[in-house]
Amino acid sequence: QVQLVESGGGVAQPGGSLRLSCAASGTIFRIFYMAWYRQSPGKERELVASTTIGGSTNIVDSVKGRFAISRDNSKNTVSLQMNNLKPEDTAVYYCHAQIQEMATSTPYDYWGLGTQVTISS
């Protein structure tokens, strides 16, 4: 069974930095797409950043210049480096991936359980 596990969440001051990591494990053949989403209380879940197996990345405008996404295909991991954090970055951050399992021909969507990020002075 495929599983996504996030780590690296916690508390930081405004202007500080955190690095989130997501590790995919299980009977993985190939990961086509990995992304980070976040959800704040009272708001819908929103995309933060994504990356494809070909190496292309997408960062939403609200965090562009502060966040960076990176992927290690050999280790089945994706990270989100968050710099110059702001209070509005406070949210639960979720890892999302499209993964093809061994002995299958179609990729499916998977989600992690989320990690809390709190920005407060």
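As shown above, the structure is provided for reference.
Residues numbered from 1 in each chain as written. Predicted model: local features only at pLDDT ≥ 70, side-chain atom pairs only at ≥ 80, totals over all residues. Heavy atoms only, no water.

Enquirer: Go over the nonpolar core, please, and point to the residues and values.
Expert: Counting 29 residues, the largest nonpolar core has Trp-36, Leu-80, Met-82, Tyr-93 and Ile-99 as its most contacted members. Contributing elements (two or more residues each) for this core: strand E3 (18–25), strand E4 (28–39), strand E5 (46–52), strand E7 (67–72), strand E8 (77–82), strand E9 (91–101) and strand E11 (115–119). Ranked by residues supplied to this core, first place goes to E9 with five residues. (Core = buried A, V, L, I, M, F, W, Y, C linked by side-chain atoms within 4.5 Å. Buried < 20%, exposed > 50% of the residue type's maximum accessible area, 1.4 Å probe, protein only. Helix = DSSP H or I, 4+ residues; strand = E, 2+ residues; numbered from the N terminus.)

Enquirer: Outline unusual backbone geometry, listing residues and values.
Expert: One non-glycine residue, Asn-76, lies in the positive phi region at around 55 degrees. Here Asn-76 is to be found in the loop between E7 and E8. Despite not being glycine, Asn-84 has its phi angle at roughly 50 degrees, a positive value. In this structure, Asn-84 sits in the loop between E8 and E9.

Enquirer: Before we move on, could you go through the packing of aromatic side chains and cite the residues and values that matter?
Expert: Applying the stated criterion across every chain, the model contains one aromatic pair. Arg-45 extends its terminal NZ or CZ atom over the ring of Trp-111, reaching a point 4.9 Å from the ring centre. (Phe/Tyr/Trp six-rings, centres within 6.5 Å; stacked < 30°, edge-to-face > 60°. Lys NZ or Arg CZ within 6 Å of the ring centre and 35° of its normal.)

Enquirer: Which residues make up the side chain of Thr-115, and what are the values?
Expert: By the secondary structure assignment, Thr-115 is in strand E11. Overall, the relative accessible area of 10% leaves Thr-115 in the buried class. Excluding residues that lie within four positions of it along the chain, Thr-115 makes contacts with Glu-6, Gly-9, Leu-20, Ala-91, Val-92 and Tyr-93. (Contact = heavy atoms within 4.5 Å.)

Enquirer: Account for the sheet that holds E8, with residues named and values stated.
Expert: Spatially, the four strands line up as an open sheet ordered E1-E3-E8-E7, and their pairing is antiparallel. In this open sheet, the two edge strands, each paired with only one partner strand, are strand E1 (3–7) and E7. Averaged over all adjacent pairs, the angle separating strand axes in this sheet is 15 degrees, with direction ignored. By the bridge criterion, six bridges tie E3 to E8 in an arrangement that is antiparallel. Bridge pairing in E8 links Ala-23 to Thr-77. (Pairing = 2+ DSSP bridges. Axes fitted to C-alpha atoms, helices over the stretch in contact; angles between N-to-C directions.)

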